[in-house]
Amino acid sequence: MAKRGADIALTIAGSDSGGGAGLQADLRAFGHVGVYGMSVVTAITAQNTSAVIEIFPAPAKQVRSQLSAVLSDMEPAATKTGMLATAEIVKEVAFQAKARRLGRLVVDPVLGSTSGQALAEEGLERELVTELLPLAELITPNTREAARLTGVEISNTEDAREAALALTEMSARAVCVTGGHLPGDPVDILFDGRNFYELTGRRLGGAGIRFHGTGCFFSAAITAYLARGMDLRGSVEAGKRLVEAAIAKAIAPGSGMPVPWLKAASDETEDQTA
Ligand code: PLP
(Lines give C-alpha, C1' and ligand atoms only; values in the text may rest on other atoms or scores of the structure.)
Protein backbone atom coordinates (compact mmCIF):
# COMPACT_ATOMS: atom_id res chain seq x y z
CA MET A 1 0.00 0.00 0.00
CA ALA A 2 1.47 3.31 -1.08
CA LYS A 3 1.99 5.93 1.59
CA ARG A 4 0.77 9.47 0.99
CA GLY A 5 3.50 11.88 1.89
CA ALA A 6 2.48 15.50 2.34
CA ASP A 7 5.91 16.61 1.24
CA ILE A 8 6.37 14.19 -1.64
CA ALA A 9 6.03 15.22 -5.29
CA LEU A 10 6.63 13.58 -8.64
CA THR A 11 7.93 14.97 -11.90
CA ILE A 12 7.24 13.16 -15.16
CA ALA A 13 9.64 14.86 -17.53
CA GLY A 14 12.62 14.74 -19.85
CA SER A 15 16.23 14.64 -18.72
CA ASP A 16 18.44 17.59 -19.73
CA SER A 17 22.04 16.35 -19.79
CA GLY A 18 23.18 19.97 -19.36
CA GLY A 19 21.33 20.15 -16.03
CA GLY A 20 19.53 23.43 -16.73
CA ALA A 21 15.97 22.38 -17.59
CA GLY A 22 13.79 19.28 -17.49
CA LEU A 23 13.66 17.00 -14.50
CA GLN A 24 16.96 18.34 -13.19
CA ALA A 25 15.40 21.82 -12.82
CA ASP A 26 12.23 20.28 -11.35
CA LEU A 27 14.07 18.40 -8.61
CA ARG A 28 16.03 21.53 -7.72
CA ALA A 29 12.80 23.51 -7.37
CA PHE A 30 11.16 20.76 -5.27
CA GLY A 31 14.20 20.76 -2.97
CA HIS A 32 14.07 24.53 -2.50
CA VAL A 33 10.47 24.24 -1.29
CA GLY A 34 11.45 21.39 1.03
CA VAL A 35 9.62 18.72 -0.94
CA TYR A 36 11.04 15.27 -1.67
CA GLY A 37 11.09 14.56 -5.42
CA MET A 38 10.58 11.44 -7.51
CA SER A 39 11.31 11.50 -11.25
CA VAL A 40 9.87 9.41 -14.05
CA VAL A 41 11.97 9.97 -17.19
CA THR A 42 10.10 10.36 -20.48
CA ALA A 43 13.02 11.18 -22.75
CA ILE A 44 16.76 11.51 -22.69
CA THR A 45 17.95 14.69 -24.33
CA ALA A 46 21.54 15.34 -25.32
CA GLN A 47 21.83 19.06 -24.69
CA ASN A 48 23.88 21.83 -23.16
CA THR A 49 23.27 25.48 -22.33
CA SER A 50 23.25 26.44 -26.04
CA ALA A 51 21.22 23.79 -27.83
CA VAL A 52 19.27 20.57 -27.79
CA ILE A 53 21.42 18.26 -29.92
CA GLU A 54 19.48 15.00 -29.91
CA ILE A 55 16.33 13.55 -28.35
CA PHE A 56 15.68 9.92 -27.43
CA PRO A 57 12.04 9.46 -26.29
CA ALA A 58 11.51 6.60 -23.87
CA PRO A 59 9.26 3.74 -25.03
CA ALA A 60 5.83 4.01 -23.34
CA LYS A 61 6.53 0.65 -21.68
CA GLN A 62 9.53 2.12 -19.84
CA VAL A 63 7.43 5.02 -18.58
CA ARG A 64 4.67 2.63 -17.46
CA SER A 65 7.20 0.56 -15.54
CA GLN A 66 8.72 3.58 -13.80
CA LEU A 67 5.25 4.88 -12.87
CA SER A 68 4.16 1.56 -11.47
CA ALA A 69 7.41 1.22 -9.48
CA VAL A 70 7.13 4.58 -7.76
CA LEU A 71 3.34 4.63 -7.35
CA SER A 72 3.23 1.18 -5.75
CA ASP A 73 5.51 2.50 -3.02
CA MET A 74 4.89 6.23 -2.67
CA GLU A 75 1.86 8.43 -3.17
CA PRO A 76 2.70 11.90 -4.44
CA ALA A 77 0.71 14.76 -2.96
CA ALA A 78 1.27 16.53 -6.28
CA THR A 79 2.72 15.72 -9.71
CA LYS A 80 3.94 17.82 -12.59
CA THR A 81 4.41 16.80 -16.16
CA GLY A 82 6.98 18.45 -18.42
CA MET A 83 8.26 17.14 -21.74
CA LEU A 84 6.14 14.07 -22.52
CA ALA A 85 7.65 13.57 -25.99
CA THR A 86 5.07 11.17 -27.47
CA ALA A 87 1.29 10.71 -27.58
CA GLU A 88 1.77 7.20 -26.16
CA ILE A 89 3.44 8.62 -23.06
CA VAL A 90 0.62 11.15 -22.63
CA LYS A 91 -1.79 8.18 -22.54
CA GLU A 92 0.25 6.41 -19.84
CA VAL A 93 0.22 9.52 -17.66
CA ALA A 94 -3.49 10.13 -18.23
CA PHE A 95 -4.20 6.54 -17.20
CA GLN A 96 -2.55 7.10 -13.80
CA ALA A 97 -4.16 10.52 -13.38
CA LYS A 98 -7.61 9.04 -14.07
CA ALA A 99 -6.93 6.41 -11.41
CA ARG A 100 -6.20 9.36 -9.04
CA ARG A 101 -2.72 8.17 -8.26
CA LEU A 102 -0.85 11.38 -9.07
CA GLY A 103 -2.32 13.77 -6.48
CA ARG A 104 -2.76 17.40 -7.49
CA LEU A 105 -1.67 17.64 -11.11
CA VAL A 106 0.17 20.46 -12.91
CA VAL A 107 0.68 20.05 -16.64
CA ASP A 108 3.39 22.13 -18.29
CA PRO A 109 2.50 21.47 -21.94
CA VAL A 110 6.09 21.42 -23.22
CA LEU A 111 6.18 21.50 -27.00
CA GLY A 112 9.51 23.15 -27.80
CA SER A 113 12.62 24.69 -26.26
CA THR A 114 13.49 28.37 -25.98
CA SER A 115 16.26 27.65 -28.48
CA GLY A 116 13.63 26.51 -31.02
CA GLN A 117 13.93 22.71 -30.89
CA ALA A 118 10.75 20.59 -31.01
CA LEU A 119 10.38 18.52 -27.83
CA ALA A 120 7.09 16.80 -28.71
CA GLU A 121 6.14 14.61 -31.62
CA GLU A 122 3.56 15.72 -34.15
CA GLY A 123 0.03 14.99 -32.88
CA LEU A 124 0.88 15.05 -29.17
CA GLU A 125 -1.16 18.25 -28.70
CA ARG A 126 -4.40 16.45 -29.58
CA GLU A 127 -3.75 13.78 -26.95
CA LEU A 128 -2.79 16.43 -24.38
CA VAL A 129 -5.98 18.42 -24.92
CA THR A 130 -8.37 15.48 -24.89
CA GLU A 131 -6.71 13.19 -22.32
CA LEU A 132 -4.54 15.13 -19.89
CA LEU A 133 -5.52 18.80 -19.63
CA PRO A 134 -8.99 18.03 -18.18
CA LEU A 135 -7.33 16.12 -15.32
CA ALA A 136 -4.96 18.92 -14.30
CA GLU A 137 -5.59 21.42 -11.51
CA LEU A 138 -3.43 23.86 -13.49
CA ILE A 139 -1.66 24.08 -16.83
CA THR A 140 1.30 26.41 -17.35
CA PRO A 141 1.89 27.08 -21.05
CA ASN A 142 4.22 29.84 -22.17
CA THR A 143 2.87 32.20 -24.82
CA ARG A 144 4.19 30.06 -27.70
CA GLU A 145 2.62 26.89 -26.33
CA ALA A 146 -0.67 28.65 -25.57
CA ALA A 147 -0.68 30.02 -29.14
CA ARG A 148 0.01 26.60 -30.63
CA LEU A 149 -2.69 24.90 -28.59
CA THR A 150 -5.38 27.52 -29.28
CA GLY A 151 -4.45 29.21 -32.56
CA VAL A 152 -4.63 32.60 -30.76
CA GLU A 153 -1.67 34.78 -31.73
CA ILE A 154 -0.19 36.27 -28.55
CA SER A 155 1.71 39.53 -28.56
CA ASN A 156 0.37 41.17 -25.38
CA THR A 157 -1.43 40.38 -22.14
CA GLU A 158 -4.89 40.86 -23.68
CA ASP A 159 -4.08 38.08 -26.18
CA ALA A 160 -2.76 35.91 -23.32
CA ARG A 161 -6.10 36.34 -21.50
CA GLU A 162 -7.96 35.33 -24.65
CA ALA A 163 -5.77 32.21 -25.02
CA ALA A 164 -6.23 31.30 -21.33
CA LEU A 165 -9.99 31.52 -21.72
CA ALA A 166 -9.85 29.48 -24.93
CA LEU A 167 -7.83 26.77 -23.15
CA THR A 168 -10.47 26.45 -20.44
CA GLU A 169 -13.14 26.25 -23.14
CA MET A 170 -11.13 23.46 -24.79
CA SER A 171 -10.61 21.35 -21.64
CA ALA A 172 -8.32 22.92 -18.99
CA ARG A 173 -9.63 23.83 -15.53
CA ALA A 174 -7.16 26.61 -14.74
CA VAL A 175 -4.39 28.18 -16.79
CA CYS A 176 -1.30 30.26 -16.08
CA VAL A 177 0.12 31.68 -19.32
CA THR A 178 3.68 32.76 -18.59
CA GLY A 179 4.73 36.02 -20.17
CA GLY A 180 8.52 35.64 -20.13
CA HIS A 181 8.77 35.39 -23.92
CA LEU A 182 6.91 38.69 -24.50
CA PRO A 183 8.87 41.96 -24.57
CA GLY A 184 8.85 44.21 -21.48
CA ASP A 185 8.33 43.23 -17.87
CA PRO A 186 7.02 39.65 -17.65
CA VAL A 187 3.31 39.45 -16.78
CA ASP A 188 1.81 36.02 -16.15
CA ILE A 189 -1.92 35.63 -16.63
CA LEU A 190 -3.65 33.27 -14.22
CA PHE A 191 -7.24 32.28 -15.04
CA ASP A 192 -8.78 29.96 -12.47
CA GLY A 193 -11.90 29.31 -14.52
CA ARG A 194 -13.70 32.26 -12.93
CA ASN A 195 -11.32 35.16 -12.41
CA PHE A 196 -8.24 36.55 -14.10
CA TYR A 197 -5.20 37.57 -12.09
CA GLU A 198 -2.18 39.45 -13.47
CA LEU A 199 1.10 38.49 -11.82
CA THR A 200 3.55 41.21 -12.65
CA GLY A 201 7.27 40.70 -12.41
CA ARG A 202 10.41 42.63 -13.24
CA ARG A 203 12.55 41.80 -16.29
CA LEU A 204 15.86 40.63 -14.86
CA GLY A 205 19.13 40.34 -16.75
CA GLY A 206 18.18 42.96 -19.38
CA ALA A 207 16.20 42.81 -22.60
CA GLY A 208 17.07 39.96 -24.95
CA ILE A 209 18.66 37.71 -22.32
CA ARG A 210 17.03 34.28 -22.42
CA PHE A 211 17.24 31.97 -19.44
CA HIS A 212 17.19 28.20 -19.79
CA GLY A 213 14.88 26.07 -17.66
CA THR A 214 12.75 28.88 -16.27
CA GLY A 215 9.41 27.33 -17.30
CA CYS A 216 10.34 23.96 -15.81
CA PHE A 217 11.52 25.52 -12.55
CA PHE A 218 8.35 27.64 -12.26
CA SER A 219 5.86 24.83 -12.81
CA ALA A 220 7.83 22.54 -10.48
CA ALA A 221 7.86 25.19 -7.75
CA ILE A 222 4.06 25.60 -8.07
CA THR A 223 3.70 21.80 -7.83
CA ALA A 224 5.83 21.71 -4.68
CA TYR A 225 3.70 24.39 -3.00
CA LEU A 226 0.54 22.48 -3.98
CA ALA A 227 2.12 19.35 -2.45
CA ARG A 228 2.53 21.31 0.77
CA GLY A 229 -1.19 22.03 0.77
CA MET A 230 -1.29 25.63 -0.46
CA ASP A 231 -4.20 26.77 -2.59
CA LEU A 232 -3.84 27.31 -6.32
CA ARG A 233 -3.39 31.08 -6.39
CA GLY A 234 -1.03 31.07 -3.41
CA SER A 235 1.06 28.34 -5.05
CA VAL A 236 1.34 30.25 -8.33
CA GLU A 237 2.32 33.45 -6.52
CA ALA A 238 4.88 31.65 -4.35
CA GLY A 239 6.23 29.81 -7.43
CA LYS A 240 6.68 33.10 -9.22
CA ARG A 241 8.56 34.59 -6.27
CA LEU A 242 10.85 31.55 -6.13
CA VAL A 243 11.65 31.57 -9.85
CA GLU A 244 12.30 35.32 -9.76
CA ALA A 245 14.71 34.85 -6.87
CA ALA A 246 16.46 32.12 -8.88
CA ILE A 247 16.64 34.30 -12.00
CA ALA A 248 18.09 37.14 -9.92
CA LYS A 249 20.92 34.78 -8.85
CA ALA A 250 21.20 32.96 -12.21
CA ILE A 251 24.54 31.43 -13.09
CA ALA A 252 26.13 30.72 -16.47
CA PRO A 253 27.54 27.20 -16.14
CA GLY A 254 28.35 27.04 -19.87
CA SER A 255 28.84 29.36 -22.82
CA GLY A 256 25.12 29.46 -23.69
CA MET A 257 22.06 30.56 -21.77
CA PRO A 258 22.19 31.31 -18.03
CA VAL A 259 20.23 29.06 -15.69
CA PRO A 260 18.05 30.07 -12.70
CA TRP A 261 19.90 29.15 -9.55
CA LEU A 262 19.54 29.45 -5.80
CA LYS A 263 22.38 29.02 -3.38
CA ALA A 264 22.63 25.80 -1.43
CA ALA A 265 21.74 25.95 2.26
CA SER A 266 25.40 25.22 3.09
CA ASP A 267 26.50 28.41 1.26
CA GLU A 268 23.91 30.45 3.12
CA THR A 269 25.30 29.10 6.41
CA GLU A 270 28.85 29.97 5.35
CA ASP A 271 27.73 33.52 4.41
CA GLN A 272 26.30 33.96 7.87
CA THR A 273 29.38 32.67 9.65
CA ALA A 274 31.91 34.57 7.45
N1 PLP B 1 14.85 20.12 -22.14
C2 PLP B 1 13.86 19.58 -21.48
C3 PLP B 1 13.97 18.16 -21.07
C4 PLP B 1 12.75 20.36 -21.17
O5 PLP B 1 11.72 19.84 -20.50
C6 PLP B 1 12.69 21.74 -21.58
C7 PLP B 1 11.56 22.58 -21.28
O8 PLP B 1 10.56 22.22 -20.76
C9 PLP B 1 13.76 22.24 -22.27
C10 PLP B 1 14.82 21.41 -22.53
C11 PLP B 1 13.79 23.64 -22.75
O12 PLP B 1 13.97 24.55 -21.75
P13 PLP B 1 14.05 26.08 -22.12
O14 PLP B 1 12.94 26.35 -23.08
O15 PLP B 1 13.85 26.79 -20.84
O16 PLP B 1 15.40 26.33 -22.72
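So, a few notes on the structure that sits alongside this text.

Rules of the game
Residues numbered from 1 in each chain as written. Predicted model: local features only at pLDDT ≥ 70, side-chain atom pairs only at ≥ 80, totals over all residues. Heavy atoms only, no water. Helix = DSSP H or I, 4+ residues; strand = E, 2+ residues; numbered from the N terminus. Rg over C-alpha atoms; globule rule 2.2 N^0.38 Å. Buried < 20%, exposed > 50% of the residue type's maximum accessible area, 1.4 Å probe, protein only. Contact = heavy atoms within 4.5 Å. Areas by Shrake-Rupley, 256 points an atom, 1.4 Å probe, with all protein chains shown as cover. 1 Å grid on protein atoms, 1.4 Å probe; cavity = no way out; pocket = protein on both sides within 12 Å on 5 of 7 lines; lining within 4 Å. Points joined across faces, edges and corners; volume = space filled by probe spheres on them. Nonpolar A, V, L, I, M, F, W, Y, C, P; charged D, E, K, R; others polar. Salt bridge = Lys/Arg side-chain N within 4 Å of Asp/Glu carboxyl O.

Some thoughts on the overall build of the protein
Secondary structure summary: the protein contains 9 helices and 9 strands in total. Its C-alpha atoms give the protein a radius of gyration of 17 Å, near enough to 19 Å, the size a compact globule of 274 residues would have. Considered along the principal axes of its C-alpha atoms, the protein spans approximately 50 × 45 × 40 Å. Across the 274 residues of the protein, 53% fall into the buried class. The contacts in the protein between residues at least 6 apart in sequence include a share of 69% that link residues at least 24 apart. Accessible surface computed for the protein: about 12200 Å², of which carbon and sulfur atoms make up 51%.

Overview of empty space enclosed by the protein
Taken as a whole and assessed by the stated rule, the structure comprises 1 cavity of 30 Å³ or more. Approximately 30 Å³ is the volume found for the largest cavity. Surrounding the largest cavity, Thr 81, Gly 82, Leu 84, Val 107, Asp 108, Pro 109, Val 110, Leu 124 and Leu 128 form its lining. Among the residues making up the lining of the largest cavity, the classes are represented as 6 nonpolar, 2 polar and 1 charged.

Here we look at the pattern of salt bridges
Taken as a whole and assessed by the stated rule, the structure comprises 11 salt bridges. Note that Glu 137 is salt-bridged to Arg 104, the shortest N-O span being 2.8 Å. Of this pair, Glu 137 sits in the loop between helix H4 (124–132) and strand E6 (138–139) while Arg 104 sits in strand E5 (residues 104–107), and the two are 33 residues apart along the sequence. A salt bridge links Glu 237 to Arg 233; its shortest N-O distance comes to 3.4 Å. Placement of the pair is Glu 237 and Arg 233 together in helix H8 (residues 232–248), with a separation of 4 residues, close to one helical turn. Exposure remark for Arg 233: the relative accessible area of 38% places this residue in the partly exposed category.

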